[in-house]
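Structural overview for review
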Amino acid sequence: MKHNTHIYLAVKGIEFLYEGLGNLCYAESNRKAFASTITKYRRRGKTLQRMLMHYQNVINEATWAPDDILNDKSQYHTFKLFTEREFQNSSNFAKETYKGTYHRASGGGGLPYKVDHLARVISDMDKLRRYNDRCSMNQIMYQYLMISHYIVDAHIPMHCDLRDDPPSPNDTKKPKNGLYYSDSLHGKIEQLWEDAVNPIAIGEDIIEVKRKNNDLPPTDLSQQIQFNVTNNEHCREIKPYVIPEDNLMSYMIDLCIQTKERALLLFPIAAPSDWDKELFPTMTREIFAQIISNLITVWIWIWGEK
Ligand SMILES: [Zn+2]
């Protein structure tokens, strides 16, 4: 995702923290426990929302720092999976295999590992702050905003799809018996989202006009990325989860697998560069709603008592 889209989504995650937790989804079906869980989570959510709002002035920098300052894009912003559907009999290229189906080639990025690790670091920083004041709330909130970057990236089809990275002729680490898509598509699609976000985010005072091309009218896609906390229908689209068995790592891996499946729809196996432009608007809505939901899911997981 591009810069302003990252900022916009982090702000939406904060805005929907309280309302979104009203739709909290929980794996078990004990109704009584569930009702008290929602109340507990919403109470926590309200405090976290207030804290994050207090540090709003660093959103710009913190949400973008992983691309700009940490520069760990190829290591931790992706989780490039492939299956036997696009590359038949290619399991020998797999470094790891998930659910018996989803292979990750070497150099395919470790996004779920980064989110899991960073989430635990943030939770530890909070423990240290309470114990000896070694970490400030300022530093902790910065990390909350920074982790949003990786969570957002896990939803981007191109970030979880090996076909986004065509191998060079002498690359022996990737299968070659299937089709990759043109490497210009990644930037093109992210630009479509950025162009849709800019006019909305400027209108809501989330970003400022810094470049001439920021200040353009809404695009066909702008309506799909718009989420307003005062709109009941929009609120219903936000569905955060209580992370099953407290296992953030497997939650993130499952999410990347889901994103990979989306990539297979958007970039059809037989002709991946011929991406599905008809499906794209609906998929954009789904992706953006899921991003806002999962920002809340992970933030509240970190914020919870451990
Ligand atoms: Zn990134």
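Structural notes, computed from the coordinates. (Residues numbered from 1 in each chain as written. Predicted model: local features only at pLDDT ≥ 70, side-chain atom pairs only at ≥ 80, totals over all residues. Heavy atoms only, no water.)

Once that is clear, we can look at the packing of helix H7 (residues 111-132) against helix H12 (residues 280-303). Contact pair H7 / H12: the axes reach a minimum separation of 9 Å and the direction vectors enclose 40°. It follows from the interaxial angle that H7 and H12 lie oblique. The way H7 lies across H12 gives a crossing that is right-handed. Packed against H7, whose contacting residues are Val115, Ala119, Arg120, Ile122 and Ser123, the element H12 presents Val298, Trp301 and Ile302 at the interface. Across the contact of H7 with H12, the residue classes tally to 6 nonpolar, 1 polar and 1 charged. (Axes fitted to C-alpha atoms, helices over the stretch in contact; angles between N-to-C directions. Helix = DSSP H or I, 4+ residues; strand = E, 2+ residues; numbered from the N terminus. Parallel < 35°, antiparallel > 145°, perpendicular 65-115°, else oblique. Left-handed = near helix turned anticlockwise from the far one by under 90°. Contact = heavy atoms within 4.5 Å. Nonpolar A, V, L, I, M, F, W, Y, C, P; charged D, E, K, R; others polar.)

For the rest of this paragraph, the subject is H12. Across its 24 residues, H12 extends 34 Å between first and last C-alpha, which sits within 8% of the 34 Å expected from 1.5 Å per residue. For H12, the tally of buried residues reaches 21 of 24 residues, placing the bulk of the element in the interior. (Expected span 1.5 Å × (residues − 1). Buried < 20%, exposed > 50% of the residue type's maximum accessible area, 1.4 Å probe, protein only.)

With that settled, the discussion passes to the coordination of the zinc ion. A four-donor tetrahedral metal ideally has 109.5 degree angles, and a six-donor octahedral metal ideally has angles of 90 or 180 degrees. Bound to the zinc ion are the protein donor atoms Asp67 (OD), His77 (ND1), His149 (NE2) and Asp153 (OD), situated 2.1 to 2.8 Å from the metal. The coordination sphere of the zinc ion comprises 4 donor atoms, whose angles at the metal cover 74 to 161°; the geometry is irregular. Every donor residue of the zinc ion comes from the same chain, spaced as D-x9-H-x71-H-x3-D. Residue Asp67 is located in helix H5 (residues 65-70), and its partner His77 is located in the loop between helix H6 (73-76) and strand E1 (81-82); the two are separated by 10 residues in the primary sequence. An identical accessibility class is assigned to Asp67 and His77; each is buried. (Donors = N, O, S within 2.8 Å, 3.2 Å for Na, K, Ca; no water. Tetrahedral: all angles 85-135°; square planar, octahedral: opposite > 155°, others 65-115°.)

Turning next to the nonpolar core. Within soluble globular proteins, side chains that are nonpolar tend to cluster in buried spots. Core analysis: the largest hydrophobic core is formed by 90 residues, its most contacted members being Tyr144, Ile147 and Trp193. Top element by residues in this core is H12. It accounts for 15 residues. Ignoring any residue separated from it by four or fewer positions in sequence, one finds Trp193 in contact with Met1, Thr5, Ile156, Pro157, Met158, Leu221, Phe280, Thr284, Ile287 and Phe288. Counting 5 residues, the second largest nonpolar core, distinct from the first, contains Phe82, Phe87, Leu162 and Tyr180. (Core = buried A, V, L, I, M, F, W, Y, C linked by side-chain atoms within 4.5 Å.)

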